[in-house]
Structure formats: structure tokens, C-alpha cells
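What follows is the residue order along each chain.
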Protein chains: 2
Amino acid sequence: MQPWKTLHREVLLRHSKYLTVENHTVGLPDGSVISDWNWIVSPDFINVVAVTEDARYLCFRQVKYGIEGDTLAVVGGYLEPGEEPLVAAQRELLEETGHTAPDWSSLGTYRVDTNHGAGLAHFFLARGAQRVTEPNSDDLEEQELLQLTRAEAQAALLAGQFRGLSWATILAMALLRS
Amino acid sequence: MQPWKTLHREVLLRHSKYLTVENHTVGLPDGSVISDWNWIVSPDFINVVAVTEDARYLCFRQVKYGIEGDTLAVVGGYLEPGEEPLVAAQRELLEETGHTAPDWSSLGTYRVDTNHGAGLAHFFLARGAQRVTEPNSDDLEEQELLQLTRAEAQAALLAGQFRGLSWATILAMALLRS
């Protein structure tokens, strides 16, 4: 199978550090050309499923602008410029929950939009999490920290209560592994 | 917890049926205002995990513009204007694989970008899938239909071979349920 080729790229909109939109001219293996393929440049991000020493899953109940009503969620945030994904994951776990963990493993890296870009999601499982300080997040959303049992986390996931795509992905992957 | 309010919205870019970008002025519960919140309007889409009568998971090996190298994937596609998600799921299963199924259940609806929109993902599990015709897809990508055992599908998922976020989500959810 042959890849599609980027023949030309042009910036259509520079909105902020969270969004640049490009138009790409794309060449297909059969020789045809698509002249209006949109490409979304947004920051890569991390999510973390953190499990405490007593097997509780650290989750949030929170509001998000893109979701009507409240939702369950896991730790997450954008990478700072030049930041390694694992470093960002450890930083966000500490900021959002006041926990650190001795045991980190990757749950993979995924393209958010396989057609149009929109960044990469890097997922991590943190085991043996311990509270070391108060949460100190600069997140703008209201959120309540929850400690769910494995059964509670799985039931909430299957009931659709983790309403963001990346949260459902990482939690399902973490549960499949454990 | 109180929701954020949209105080004003303005279209910044109308690219195509696949992308409109808006700027929102957003009011937070504490009275503060964010004047440059980007909002991405892109079509809702479906994915389907289809399992055949002999317990094979219908998957693809394919190339996608947003992914370097090839990837495993599941059935998916955008909703047509006004189309119900389940109807789109059944249409895409038939078009992409030539299969129908008697037993459909929802695996939930998820916001792609909980901050900035980018459409909703509707997931379905189709059981008892049977081949009734040749695939007849208008997809532009090259793809090869695979029939994986449950163990093969789970191993490939955990090895990170389903490299798009929505594919990993739906497959993990389907495996957790079965």
C-alpha cells in the first residue's frame, strides 16, 4: 500500500497556539490529486489513568465546554512546547491530583483525526499512585476528584459516563490490560 | 457545577463540508470571559465493530493521510446530512465490507475534542455479521479486509496497531463488553 503525498501546503488560519488550519494539495497513488484537503494543527496531548496503591482509579467529575452537562474524565493536558509526553503526563498527574507514581507504562500513541490531523494523544498508565501534595491545577474548569474502584470505573465507562473520546479510549485500554 | 456559556460566536473559516472554524466568546461561572476560544465544526461519524457468526472481527489494513505507514482500522465513515447514526453504521458496514448483521447495539457517543468540538463519534457493535455482497466503497484509501479472531484483535489493539483514536476506543469497548 502506498502513502498519499503532500504536494503543497498553505496556512489558511492561524488562530492561536491551539489551532492552525492548513489546506493541503494531496497526490493519490493512482495519480489523482485532491486540491482541498484540510489539515488541522493542534497540540499533542496526554492522558493518564492513575491507579493508587489501594487500587483506586483517579478520575474527575467535571464540566467541559464541548460537552453538555457534566462528565467523568481522567487526568489530561496539552504538551508544553518541546515537552516529552511522559514528562507532561507526570506533570499533569501532580498538578491535577497532587499524586506521584513510581510505575509508569505507555498505553500507546494515537492520531486524533486519521484524515485531518488534530494532534496525537499519548496515553500512560501510572500504578502505585500516592498523594504527596494538594492539587494545583491551572485548569479553568470546575472539577471534583474521585477515587473509583475498578468495578466502578468499568461500569461508568460501559454506561457512557466518560463522554470524551480520549478518556474512554485510555480507560478501556487500561482495563483491558489489568 | 455550572456550564460555560457561549456569549458570541463568529465564523472564521468555511473550508468545506468537512470543516468550519468558529471563534467563541465564552463566559465562565466566575464571571470571567475568554474572547478567543476556537470551535471546530466537522461532521459526526460512526465506527462499527462487526463480529461474524464464526466470531471473526472485521478489520482493515489501510493507509490514511493522517498516519505515517499503514494501520489497522475498523469500519467507519461520516454521517450524511440528516442521517441517523445507526443508519450510517449499517450503510458503511455494507459498503466497506459487503456484510449485514441482524444484531446491533450502541457502544456510546463521544465528543472528539471536549474543549473545541470536532464532531461526535457514534459507536456500534454488530453481531452475527454475514457477507451478502461485494464491498462497494467510495473510500479513496487502499484497504485490505481482515477477519481477526478475538485474541488477534486484542493483541493488535494492545500492541498499538489500531493507530487512530476512535478505532482503538471502539475496539477496546467492544472487547470489554464481550
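Model, not experiment: these values are computed from the prediction.

Novice: What's the story with the overall build of chain A in this structure? I'm lost.
Specialist: If you tally the helices and strands in chain A, you get three helices and eleven strands. Listed by position from the N terminus, the elements making up chain A come as β-β-β-β-β-β-β-α-β-β-β-β-α-α. Expressed as lengths along the three principal axes of its C-alpha atoms, the size of chain A is roughly 60 × 35 × 35 Å. In chain A, which comprises 178 residues, the share counted as buried stands at 43%. If you take every contact in chain A between residues at least 6 apart in sequence, the share linking residues at least 24 apart comes to 61%.

Novice: Hey, could you run me through the relation of the copies chain A and chain B in this one?
Specialist: One chain copy maps onto the other through a rotation about an axis and a shift parallel to that axis. Least-squares fitting of chain A to chain B yields an RMSD of 0.0 Å, with the superposition described by an axial translation of 0.0 Å and a rotation of 180°. With respect to symmetry, the two chain copies, as superposed, fit the operation of a two-fold axis. Relative to the rotation axis, the closest C-alpha in chain A is found at T169(A), a distance of 2.1 Å. The overlap is high: 100% of the interface residues of chain A also sit at the interface in chain B, so the same surface is used on both sides.

Novice: Whenever I open this one, the interface of chain A and chain B confuses me. Can you help?
Specialist: Many descriptions give the size of an interface as the accessible area lost when the pieces come together. Contacts between the two partners involve 49 residues from chain A and, on the opposite side, 49 residues from chain B. Those elements giving two or more residues to the side of chain A that touches chain B turn out to be strand 1 (5–16), strand 2 (19–27), strand 3 (33–41), strand 9 (103–113), strand 10 (117–131), helix 2 (150–158) and helix 3 (165–177) of chain A. At nine residues, helix 3 of chain A tops the list of elements feeding residues into the side of chain A that touches chain B. When grouped by side-chain class, the residues that make up the side of chain A that touches chain B number 27 nonpolar, 14 polar and eight charged.

Novice: Help me understand the nonpolar core in this model?
Specialist: Side chains of nonpolar character tend, in soluble globular proteins, to be buried together. Counting residues in each nonpolar core, the largest one holds 92 residues, and the members touching the most others are L171(A) and L171(B). When sequence neighbours within four positions are dropped, the list of residues in contact with L171(B) reads V49(B), V74(B), A153(B), L157(B) and F162(B).

Novice: Is there a simple way to explain the packing of helix 2 (residues 150–158) of chain B against helix 3 (residues 165–177) of chain B in this structure?
Specialist: All names here are of chain B. Where helix 2 meets helix 3, the closest approach of the two axes is 11 Å, and the angle between their N-to-C directions is 135°. The angle between helix 2 and helix 3 places the two elements in the oblique class. Helix 2 and helix 3 meet at a crossing whose hand is left-handed. On the side of helix 2, the interface is formed by A153, Q154 and L157, while helix 3 contributes A168, L171, A172 and L175. Class assignment for the residues of the contact of helix 2 with helix 3 results in six nonpolar, one polar and no charged.

Novice: Hey, could you run me through the domain arrangement of chain A in this one?
Specialist: Residue and element names in this part refer to chain A. The assigned domain composition of chain A is domain 1 (5–41) and domain 2 (45–177). Inter-centroid distance (C-alpha atoms) of domain 1 to domain 2 is 31 Å. Each side of the interface is counted separately: domain 1 has four residues, and domain 2 has four residues.

Novice: Sorry, what's going on with the environment of E92(A) here?
Specialist: Mapped onto the elements, E92(A) comes out in helix 1 (residues 85–97). Each C-alpha atom, one on E92(A) and one on L175(A), is 21 Å from the other, the two residues being 83 residues apart in sequence.

Novice: Would you take a moment to explain the environment of T71(A) for this structure?
Specialist: Residues and elements named next belong to chain A. Its location among the elements puts T71 in strand 6 (residues 70–73). Judged by local crowding, T71 falls into the buried class, with 21 C-beta atoms found within 10 Å. A sequence separation of 98 residues divides T71 from T169, and the C-alpha atoms of the two residues are 15 Å apart.

Novice: Honestly, unusual backbone geometry in this entry has me stumped. Any pointers?
Specialist: Glycine aside, negative phi is the norm for most residues, and most peptide bonds take the trans geometry. Even without being a glycine, A55(A) presents a positive backbone phi close to 65°. A positive phi angle, near 70°, is found at A118(A), a position not held by glycine.

Novice: Looking at this structure, I do not really get helix 3 of chain B. What am I missing?
Specialist: An α-helix turns once every 3.6 residues. As a result, residues three or four positions apart point the same way. Residue and element names in this part refer to chain B. Between the first and last C-alpha of helix 3 there are 19 Å, a value that for 13 residues agrees with the 18 Å anticipated at 1.5 Å per step. The buried fraction of helix 3 amounts to ten of the 13 residues, a majority that puts the element mostly inside the structure. For helix 3, the complete set of buried residues consists of L165, S166, W167, A168, T169, I170, L171, A172, M173 and A174.

Novice: Would you take a moment to explain the pairing of strand 9 of chain A for this structure?
Specialist: Each regular strand carries side chains that alternate between the two faces of the sheet. Residue and element names in this part refer to chain A. Pairing of strand 9 with strand 10 involves nine bridges; the strand directions are antiparallel. Its bridge partner being in strand 10, S105 is matched across the sheet by L125. The hairpin turn running from strand 9 into strand 10, its antiparallel successor, is three residues long.

Novice: Quick question: what am I supposed to make of the packing of helix 3 of chain A against helix 3 of chain B here?
Specialist: When two helices pack together, you describe them by how their axes are tilted relative to each other and by the distance separating the axes. Where helix 3 of chain A meets helix 3 of chain B, the axes come as close as 8 Å, and the angle between the chain directions of the two elements is 45°. As summarised for this structure, helix 3 of chain A and helix 3 of chain B are arranged oblique, according to the angle between their axes. The way helix 3 of chain A lies across helix 3 of chain B gives a crossing that is left-handed. Across the interface between the two elements, L165(A), S166(A), A168(A), T169(A), A172(A), M173(A), L175(A) and L176(A) from helix 3 of chain A touch L165(B), S166(B), A168(B), T169(B), A172(B), M173(B), L175(B) and L176(B) from helix 3 of chain B.

Novice: Where do I start with the confidence of the model for chain A in this structure?
Specialist: Any residue range with low pLDDT should be treated as having predicted coordinates unsuitable for detailed reading. Per-residue confidence for chain A gives a mean pLDDT of 95; residues scoring 70 or more make up 100%. Note on the complex model: pTM 0.95, ipTM 0.94.

Novice: When you look at the environment of A121(B) in this model, what are you seeing that I'm missing?
Specialist: Mapped onto the elements, A121(B) comes out in strand 10 (residues 117–131). Residue classification places A121(B) among the buried positions, given that 23 C-beta atoms sit within 10 Å. The spatial distance from the C-alpha of A121(B) to the C-alpha of S166(B) is 7.5 Å, given a sequence separation of 45 residues. Contacts of A121(B), omitting those with residues within four sequence positions, involve L165(A), F45(B), N47(B), T109(B), Y110(B), V112(B) and S166(B).

What counts, and at which threshold
- Residues numbered from 1 in each chain as written.
- Chains lettered and ligands numbered in written order.
- Predicted model: local features only at pLDDT ≥ 70, side-chain atom pairs only at ≥ 80, totals over all residues.
- Helix = DSSP H or I, 4+ residues; strand = E, 2+ residues; numbered from the N terminus.
- Buried ≥ 20, exposed ≤ 12 C-beta atoms within 10 Å, placed from the backbone.
- Contact = placed C-beta atoms within 7 Å.
- Least-squares fit on C-alpha atoms with pLDDT ≥ 70 in both.
- Nonpolar A, V, L, I, M, F, W, Y, C, P; charged D, E, K, R; others polar.
- Core = buried A, V, L, I, M, F, W, Y, C linked by C-beta atoms within 7 Å.
- Axes fitted to C-alpha atoms, helices over the stretch in contact; angles between N-to-C directions.
- Parallel < 35°, antiparallel > 145°, perpendicular 65-115°, else oblique.
- Left-handed = near helix turned anticlockwise from the far one by under 90°.
- Domains from an automatic or database assignment.
- Expected span 1.5 Å × (residues − 1).
- Pairing = 2+ DSSP bridges.
- pLDDT = per-residue confidence, 0-100.

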